[in-house]
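Residues per chain are reported as follows:
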Amino acid sequence: MAIIAQKCPHIKVTVVDLNQKRIAEWNDADVNNIPIYEPGLSAIVAEARGRNLFFSTDIERAIDAADMIFISVNTPTKTYGVGKGMAADLKYIELCARQIAKISTSDKIVVEKSTLPVRTASAIKNILENTGNGVKFQILSNPEFLAEGTAVADLLNPDRVLIGGDTSMEGQEAIKKLVAIYSNWVLKDRILTTNIWSSELSKLTANAFLAQRVSSINAMSELCEKTGADVNEVAKAIGMDSRIGSKFLKASVGFGGSCFKKDILNLVYIAKSYGLNEVADYWEQVIVMNDHQKSRFAKTIVKTLYNTVSGKKIAFLGWAFKKDTNDTRESPAIYVADDLLDEQAIITVYDPKVTQTQIHSDVNYLNSRSELENKNGLTILDNPYDVCQDSHAIVILTEWSEFTSYDWQKIYDQMQKPAFVFDGRNVLDKKVMEKIGFVYQAIGS
Ligand code: UGA
């Protein structure tokens, strides 16, 4: 919404939310205090806020005034009832649709921005048409493909914008209106229009394919470790095949983030609900592989440290699920910490952007131990050198660029010997680390 406001000064954009604290943070006089860390975002908010970009808790007024409404609420995996642990929870979507229906007194275009199971649009349409005040609604699907950490660049220069709508004349008119908004900065041939079901399913498919690439290279990383092949070399060699391509082939401790796991589980659930068990099993394996990668990384650490980490100090560099974000949802760091805390390790953590409160709440959320045990076992410091001091091993969980510029000799001098580094992101140079004296182990080599 910030990018739309920046690129379309003639359009008034109002972002509304029930959460007063959140909205207050977005309205903070110091734009550097906005609640999401994303490179380039605060400058854009600074430019548009108060001009044609507004943040408010007055939901009813904003709905009534709008010609077009983007539903952008979360669709987490259901934690109860039928489809528990797999299906998308559409509670928030439905509440939005009911509220829009109740308040609207003029015709509106409702855009699904949240990632949704295929055919959700028909549920929204039903609610809008049966509970509304007789006004006309058109529903469009406009899934988002930005990745965190590169969101601003992805939005300014998207590979494509996807808009799905009804094939009726009114549906096509609605599509045109949304195309007109994006046309302010996106080339026409990058704006793809489809029917609404193709659009909904394309979003889930894109994430499933991306996650599958990571699981595929991670599966190879384990084989590389056994055979003497180097996964970076393998990735380079296959990536040069233009049919395969070089992106998204970085072996890692596993993918995290709020999207991949949730969307694949959602896809698996949809396939199962149509009785397509082979399809469901095929995609579920992407997640099985990812869980395996996280737990085998933790096992390697324990095994290498002479089969015990009890009472040993282990330093974590990075907690976010990827660099350039403060988002920790489904971060592999949480699961690796959990396994090592079970082994009674003493963990210290440094992440450039994630808060102490967030890290503690992440480990507490897993409910594996009492909060007190977690607090005693895991300390968060705001300096990487202090985190590494006296540790037996350093574990790299996020590929933050600053890690490569540390004084690794100094870090080595202050560690217990032999000093181990387990690089879960393949960010450091093996030769340099070994020359200093580290026992260096990266995923896939
Ligand atoms: C992902 C998709 O890339 C976006 O296109 C999509 O819009 C978004 O989900 C969404 O559905 O909202 P995101 O989860 O923000 O974006 O981040 P990614 O860059 O896809 O990374 C996901 C995870 O995979 C991270 O933990 C990352 O470290 C890991 N990864 C990625 C690898 O381990 N290796 C790679 O080669 C690439």
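Residues numbered from 1 in each chain as written. Predicted model: local features only at pLDDT ≥ 70, side-chain atom pairs only at ≥ 80, totals over all residues. Heavy atoms only, no water.

### As for the pattern of salt bridges
Okay, so step 1: Under the defined criterion, the tally for this structure stands at 20 salt bridges.
Okay, so step 2: Between Glu 47 and Arg 51 there is a salt bridge, and its shortest N-O distance comes to 3.7 Å.
Okay, so step 3: Connected through salt bridges with shared partners, the residues Lys 21, Arg 22 and Glu 25 form a single ionic network. (Salt bridge = Lys/Arg side-chain N within 4 Å of Asp/Glu carboxyl O.)

### Considering a nonpolar patch on the surface
Okay, so step 1: On the surface, a nonpolar cluster with roughly 300 Å² of combined accessible area is contributed by Tyr 274, Leu 276 and Val 279.
Okay, so step 2: With respect to the helices and strands, Val 279 occurs in helix α12 (residues 277-304). (Patch = residues over 30% accessible without salt bridge, like charges linked within 9 Å, V, L, I, M, F, W, Y side chains within 5 Å. Areas by Shrake-Rupley, 256 points an atom, 1.4 Å probe, with all protein chains shown as cover. Helix = DSSP H or I, 4+ residues; strand = E, 2+ residues; numbered from the N terminus.)

### A short note on the site of the ligand
Okay, so step 1: For the ligand, the set of nearby residues contains 20 residues, the closest of which are Phe 145, Leu 146, Asn 207, Ser 252 and Arg 425.
Okay, so step 2: Contacts to the ligand include Glu 144, whose backbone N or O atom sits 3.2 Å from an oxygen atom.
Okay, so step 3: Phe 321 has a polar backbone atom sitting 2.8 Å from an oxygen atom of the ligand.
Okay, so step 4: A total of 710 Å² of accessible area belongs to the ligand in isolation, and the protein chains cover 89% of it. (Near = heavy atom within 4 Å. Polar contact = N/O pair within 3.5 Å; in protein donor to acceptor, adjacent residues only side chain to side chain.)

### Some points on the packing of aromatic side chains
Okay, so step 1: Tallying each qualifying case throughout the model produces 14 aromatic pairs.
Okay, so step 2: An angle of 75 degrees between the planes, with centres 6.1 Å apart, marks the rings of Tyr 306 and Phe 420 as edge-to-face. Of this pair, Tyr 306 sits in the loop between α12 and β8 (313-317) while Phe 420 sits in strand β12 (residues 420-423); the two residues are 114 residues apart in sequence, bridging distant segments of the chain.
Okay, so step 3: Residue class for Tyr 306 comes out exposed when judged on its relative accessible area of 54%.
Okay, so step 4: For the cation-ring pair, Arg 119 lies above Trp 197, with the distance from its terminal atom to the ring centre recorded as 3.9 Å.
Okay, so step 5: Note that Lys 417 overlies the ring of Tyr 412, its terminal NZ or CZ placed 4.7 Å from the centroid. (Phe/Tyr/Trp six-rings, centres within 6.5 Å; stacked < 30°, edge-to-face > 60°. Buried < 20%, exposed > 50% of the residue type's maximum accessible area, 1.4 Å probe, protein only. Lys NZ or Arg CZ within 6 Å of the ring centre and 35° of its normal.)

### Examining the packing of helix α11 (residues 260-273) against α12
Okay, so step 1: Packing of α11 against α12 leaves a shortest axis separation of 8 Å and a crossing angle of 165 degrees. One way to sum up the angle between α11 and α12 is to call them roughly antiparallel. You can see that α11 and α12 cross each other, and the crossing is left-handed. Of α12, the residues touching α11 (which contributes Lys 261, Ile 264, Leu 265, Leu 267, Val 268, Ala 271 and Lys 272) are Asn 277, Val 279, Ala 280, Trp 283, Glu 284, Val 286 and Ile 287.
Okay, so step 2: Along the lines of polarity and charge, the residues of the contact of α11 with α12 split into 10 nonpolar, one polar and three charged. (Axes fitted to C-alpha atoms, helices over the stretch in contact; angles between N-to-C directions. Parallel < 35°, antiparallel > 145°, perpendicular 65-115°, else oblique. Left-handed = near helix turned anticlockwise from the far one by under 90°. Contact = heavy atoms within 4.5 Å. Nonpolar A, V, L, I, M, F, W, Y, C, P; charged D, E, K, R; others polar.)

### Quick look at helix α9 (residues 196-227)
Okay, so step 1: Between its terminal C-alpha atoms α9 stretches 47 Å, which fits the 46 Å expected from 32 residues at 1.5 Å a residue.
Okay, so step 2: Near the N-terminus of α9, the side chain that reaches the backbone nitrogen of Trp 197, with its oxygen 2.9 Å away, is that of Asn 195.
Okay, so step 3: After α9 finishes, the residue Gly 228 shows a positive phi value of roughly 90 degrees. (Expected span 1.5 Å × (residues − 1).)

### Some thoughts on the nonpolar core
Okay, so step 1: Membership of the largest hydrophobic core comes to 61 residues, with the highest contact counts inside it found for Phe 316, Leu 317, Trp 319, Leu 378, Ile 394, Trp 408 and Phe 438.
Okay, so step 2: Considering each element in turn, this core owes the most residues, six residues, to helix α13 (residues 332-342).
Okay, so step 3: Non-local contacts of Leu 378, meaning those with residues more than four positions away in its chain, are made with Trp 319, Ala 337, Leu 341, Ile 347, Val 349, Ile 359, His 360 and Val 363.
Okay, so step 4: Ile 34, Phe 70, Val 179 and Ile 181 belong to the second largest nonpolar core, which has 33 residues in total. (Core = buried A, V, L, I, M, F, W, Y, C linked by side-chain atoms within 4.5 Å.)

### Points about the environment of Gln 212
Okay, so step 1: For Gln 212, the location among the structural elements is in helix α9.
Okay, so step 2: Those residues in contact with Gln 212 that sit more than four places away from it in its chain are Tyr 282, Trp 283 and Val 286.

### Let's talk about the pairing of strand β11 (residues 393-396)
Okay, so step 1: Side chains Ala 393 and Val 395 of β11 all project onto a buried face; the interleaved residues Ile 394 and Ile 396 project onto the opposite face, where all are buried too.
Okay, so step 2: Sheet topology places β8 next to β11; four bridges connect them, and they run parallel. Note on β11: the bridge partner recorded for Ala 315 is Ile 394.
Okay, so step 3: Bridge count between β11 and β12: four bridges; the pairing is parallel. For Ile 396, the partnering residue across the bridge sits in β12 and is Asp 423.
Okay, so step 4: Chirality of the crossover, the property in question, places the unit of β11, helix α17 (residues 408-413) and β12 among those that are right-handed. (Pairing = 2+ DSSP bridges. Right-handed = clockwise from strand over helix to strand, strands pointing away.)

### Section: the domain arrangement of the protein chain
Okay, so step 1: If you check the domain split of the protein chain, you get domain 1 (2-203) and domain 2 (305-442).
Okay, so step 2: Summarising the inter-unit geometry, the C-alpha centres of domain 1 and domain 2 are found 37 Å apart.
Okay, so step 3: Across the contact, eight residues belong to domain 1 and nine residues belong to domain 2.
Okay, so step 4: Between domain 1 and domain 2 the total buried area reaches about 630 Å² when both faces are included, carbon and sulfur atoms providing 46% of it.
Okay, so step 5: Among the residues domain 1 hides against domain 2, the three largest losses belong to Tyr 37, Glu 148 and Gly 149. Together they make up 83% of the total.
Okay, so step 6: Summed over the shared surface of domain 1 and domain 2, the number is three residue pairs in polar contact (both at pLDDT 80 or more).
Okay, so step 7: Its residues placed into classes, the side of domain 1 that touches domain 2 shows five nonpolar, one polar and two charged. (Domains from an automatic or database assignment. Buried area = accessible area lost by both parts, 1.4 Å probe.)

### Some words on the sheet that holds strand β13 (residues 439-442)
Okay, so step 1: Spatial strand order, β10-β9-β8-β11-β12-β13: six strands in an open sheet with parallel pairing. Looking at strand neighbours, the two that pair on one side only are β10 (378-380) and β13, the edges of this open sheet. For this sheet, the mean angle separating the axes of adjacent strands, direction not counted, is 20 degrees.
Okay, so step 2: Along the sheet face, α13 touches β8, β9 (346-350) and β10 and points at about 175 degrees away from the line of β8.

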